[in-house]
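# Working through the structure, step by step
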Amino acid sequence: MSDRSTGGVRAALAPDAPTTPATEAAPAADTPGCAQAAQAAQPAPLAPGARFFPSLAAVYRAQLSRARVARIPLLFVATFQSVGIMILMRGVVDGGSEARAVVAGSSVLVVAFVALNLLAQYFGQLRAGGGLDHYATLPVPPASVVLGAAAAYASFTLPGTLVTAVFGCLLFGLPMSGLWILAAVVPLAGAALAGLGAALGLLAPRQELATLAGQLGMSAALLLGVLPPERMPAVIVWARDLLPSTYGVEAFARTFEASPDWAAVVFDLGVCAAVGVLSLTVATWAYRRAAVR
């Protein structure tokens, strides 16, 4: 059969068949199924990031519950160390400005032991063990991680500081009317020392160096904060002025005087607050730097 006859048979069997070419058909994307597939291919919008203060509260509660097991040994060691130093200094110092310096320095030393020494060790261990990867995956601001951990560790220092201050006042015969200033000294000095400790732990290339840096910082707070400045050389006094805890010690020691210079107390507390903001900012930058490596 020829091609012509075959075409005629086909036309007779299907006279109403469309003659529109396949290329003129409607686009496949206009169908409902294809439209849904195109929408599914688009990336879904991300959830908004967590706000700062709720993130800070969550990290603080987590760190506080984690360190609750070691709270009693922590408080005992920090307080016993400061009380022992005051007992040793009692045989050398009788009273006056030297006694005020010893009691104030021993009380702030509790803060330095926890906020500076232990926090440097904690962040050094966290970096060496890969614990920063856990926090890096959370949608929380880096500052909330640093501040939450620092606040949790500093929270353990207030009872030990108060016990040390009361014991020192009884030991050296100092008035207790100014102990309320600890409500300002502990958080401000703690913020400054905690930021410094966190920065040392995060910037140290090895965990052992972070531990060493924390120990050296606590030793500096011990030697430069507890010993009376009247008996120190001028070079040591200048180095003492560079230590953040010094201003907390000075603010607390001034309250033992008969007529405290409250303007100087406010100035010393302001210096602690400024150093605290600066050190916590550096610690936040160090956290970002360590988390992306």
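Residues numbered from 1 in each chain as written. Predicted model: local features only at pLDDT ≥ 70, side-chain atom pairs only at ≥ 80, totals over all residues. Heavy atoms only, no water.

Okay, the overall build of the protein chain next. What the protein chain contains, in helices and strands, is 13 helices and 0 strands. Going residue by residue from the N terminus, the α and β elements of the protein chain occur as α-α-α-α-α-α-α-α-α-α-α-α-α. Looking at the protein chain as a whole, 41% of its 293 residues qualify as buried. For the protein chain, the share of sequence-separated contacts (at least 6 apart) that also reach a separation of at least 24 residues comes to 83%. Looking at the protein chain as shown, the accessible area adds up to about 15,700 Å², and 67% of this sits on carbon and sulfur atoms. (Helix = DSSP H or I, 4+ residues; strand = E, 2+ residues; numbered from the N terminus. Buried < 20%, exposed > 50% of the residue type's maximum accessible area, 1.4 Å probe, protein only. Contact = heavy atoms within 4.5 Å. Areas by Shrake-Rupley, 256 points an atom, 1.4 Å probe, with all protein chains shown as cover.)

Among the secondary structure elements, Leu 64 is positioned in helix α3 (residues 52-67). Each C-alpha atom, one on Leu 64 and one on Ala 154, is 10.0 Å from the other, the two residues being 90 residues apart in sequence.

Take a nonpolar patch on the surface next. Taken together, Leu 203, Leu 278, Val 282 and Trp 285 make up a surface patch of nonpolar side chains, about 380 Å² in accessible area. It is helix α13 (residues 262-291) that provides the largest number of residues to the nonpolar patch, a total of 3 residues. On the accessibility criterion, Leu 278 (57% relative accessible area) is exposed. (Patch = residues over 30% accessible without salt bridge, like charges linked within 9 Å, V, L, I, M, F, W, Y side chains within 5 Å. Salt bridge = Lys/Arg side-chain N within 4 Å of Asp/Glu carboxyl O.)

Orientation of helix α5 (residues 96-128) relative to helix α12 (residues 244-254), taken along the N-to-C sense of each, is 130 degrees, at an axis distance of 8 Å. Accordingly, the angle class assigned to the pair α5 and α12 is oblique. As α5 runs across α12, the sense of the crossing is right-handed. Judged by residue contacts, Arg 100, Ala 101, Val 103, Ala 104, Gly 105, Ser 107 and Val 108 of α5 engage Ser 245, Gly 248, Val 249, Phe 252 and Ala 253 from α12. A breakdown of the residues in the contact of α5 with α12 according to their chemical character gives 7 nonpolar, 4 polar and 1 charged. (Axes fitted to C-alpha atoms, helices over the stretch in contact; angles between N-to-C directions. Parallel < 35°, antiparallel > 145°, perpendicular 65-115°, else oblique. Left-handed = near helix turned anticlockwise from the far one by under 90°. Nonpolar A, V, L, I, M, F, W, Y, C, P; charged D, E, K, R; others polar.)

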